[in-house]
Amino acid sequence: MATKKDKELVRRLLAIAADPGASIAERDQAQLRASMLMARLMIDELDLDEANSEQITTRDMIIKGGPTTASRAQATALHRIACAAGANTYHHDNRRQTRQQGRGPHIVLHVVGYPADLERLMPLLAAVQAHAAVGWDAWRRANPRRIKPMKASTRRATRDGYILGWGDAIAKRVRAARAGAIQVRDQSAPAGTASTALVVRSRDQRITDYLNTLHLRKSTADDVDYRAYHDGVRDAQASGLGANEKGIRGHHHLLEGTTAS
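First, a word on scope: everything that follows refers to the structure included in this document. (Residues numbered from 1 in each chain as written. Predicted model: local features only at pLDDT ≥ 70, side-chain atom pairs only at ≥ 80, totals over all residues. Heavy atoms only, no water.)

Some thoughts on empty space enclosed by the protein
In step 1: Going through the model one piece at a time under the given rule, you end up with 1 cavity of 30 Å³ or more.
In step 2: Approximately 40 Å³ is the volume found for the largest cavity.
In step 3: What lines the largest cavity is simply Met42, Ile43, Leu46, Asp117, Arg178, Val200 and Arg203.
In step 4: Taken together, the elements giving at least two residues each to the lining of the largest cavity come down to helix H2 (24–44) and helix H7 (196–212). (1 Å grid on protein atoms, 1.4 Å probe; cavity = no way out; pocket = protein on both sides within 12 Å on 5 of 7 lines; lining within 4 Å. Points joined across faces, edges and corners; volume = space filled by probe spheres on them. Helix = DSSP H or I, 4+ residues; strand = E, 2+ residues; numbered from the N terminus.)

The following block contains the structure:
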């Protein structure tokens, strides 16, 4: 079951992920470690007796940027991670809004889920948004010969492909951690108790049913460069090899008193 040390470790890992004094590799590794631990905690803390009575709620994220920016790709990447964690999203596209009309061009990402889950998920999504952008900047600097001759539309497709690949790599780890936690919990449960897997599927279906009542319009997918997509997957996976905190040098003061699990 989840412990206070586990919860504190997630908080401290996310602090490292947001620390500008840490290296890119350290921040990425902390973020990936936090994502996997968060997914497990969401299952460990699930009260099977109360699960079907929980109220669905929505939290909002603002993703700044106009039609030619990475905002749409970021929203899609965060959507896939949210779904992997048992939540979901929909969005309002305000990328053509001017400052005179409001806050300027942006997307409002509405994250739908259960309150306790969203408490953990929202900081993670914010960290992933920043990390994918940093990863793209590093990729762009490392590949000047590929970038310079590109047309603007090709460059955008390359950027969006990289960001989606980055997000999918995180989503895959979250999904695997969540599935592993469900399996462990069901294997150790006393005979005759409710199946965690069945309860989780029921909770997920409730979120889907809720979204269906909103009659949302499906959006079309933008073109992406799938070579860059695989680069994004590779970079996200490489940054979290082992998915533990041993490679986070210079930040052990933040991890003191915690135990990895």
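Now that the structure has been shown, the text picks up again.
A word on the packing of aromatic side chains
In step 1: Tallying each qualifying case throughout the model produces 4 aromatic pairs.
In step 2: Seen from their ring centres, tryptophan 136 and tryptophan 139 are 5.2 Å apart, and the 15° between their planes marks the pair as stacked. On the criterion of helical spacing, the pair formed by tryptophan 136 and tryptophan 139 is a turn pair, its members being 3 residues apart in helix H4 (residues 115–142). You'll find tryptophan 136 and tryptophan 139 in the same group, each marked buried. (Phe/Tyr/Trp six-rings, centres within 6.5 Å; stacked < 30°, edge-to-face > 60°. Buried < 20%, exposed > 50% of the residue type's maximum accessible area, 1.4 Å probe, protein only.)

Points about the sheet that holds strand S3 (residues 106–113)
In step 1: If you walk across this open sheet you meet the 3 strands as S1-S3-S2, and the pairing is antiparallel. Two strands bound the open sheet, and with one partner strand each, they are strand S1 (57–64) and strand S2 (88–94). Between one strand axis and the next, the sheet turns by 20° as a mean value, whatever way the strands run.
In step 2: Here S1 runs beside S3; their pairing, made up of 8 bridges, is antiparallel. (Pairing = 2+ DSSP bridges. Axes fitted to C-alpha atoms, helices over the stretch in contact; angles between N-to-C directions.)

Side note on the pattern of salt bridges
In step 1: With the rule as written, the count across this model stands at 17 salt bridges.
In step 2: A salt bridge links lysine 7 to glutamate 45; its shortest N-O distance comes to 3.1 Å. Here glutamate 45 lies in the loop between H2 and S1 and lysine 7 lies in helix H1 (residues 4–17), a separation of 38 residues in the sequence.
In step 3: The partly exposed category is assigned to lysine 7, whose relative accessible area is 36%.
In step 4: By relative accessible area, glutamate 45 is classed as partly exposed at 33%. (Salt bridge = Lys/Arg side-chain N within 4 Å of Asp/Glu carboxyl O.)

A short note on the pairing of S3
In step 1: Burial within S3 is extensive, with 8 of its 8 residues counted as buried.
In step 2: Alternating positions in S3 separate into two faces, His106, Val108, His110 and Val112 on one and Ile107, Leu109, Val111 and Gly113 on the other, with burial throughout.
In step 3: Of the strand pairs in this sheet, S2 and S3 are connected by 7 bridges, and their pairing is antiparallel. Bridged to histidine 92 within S3 is valine 108.

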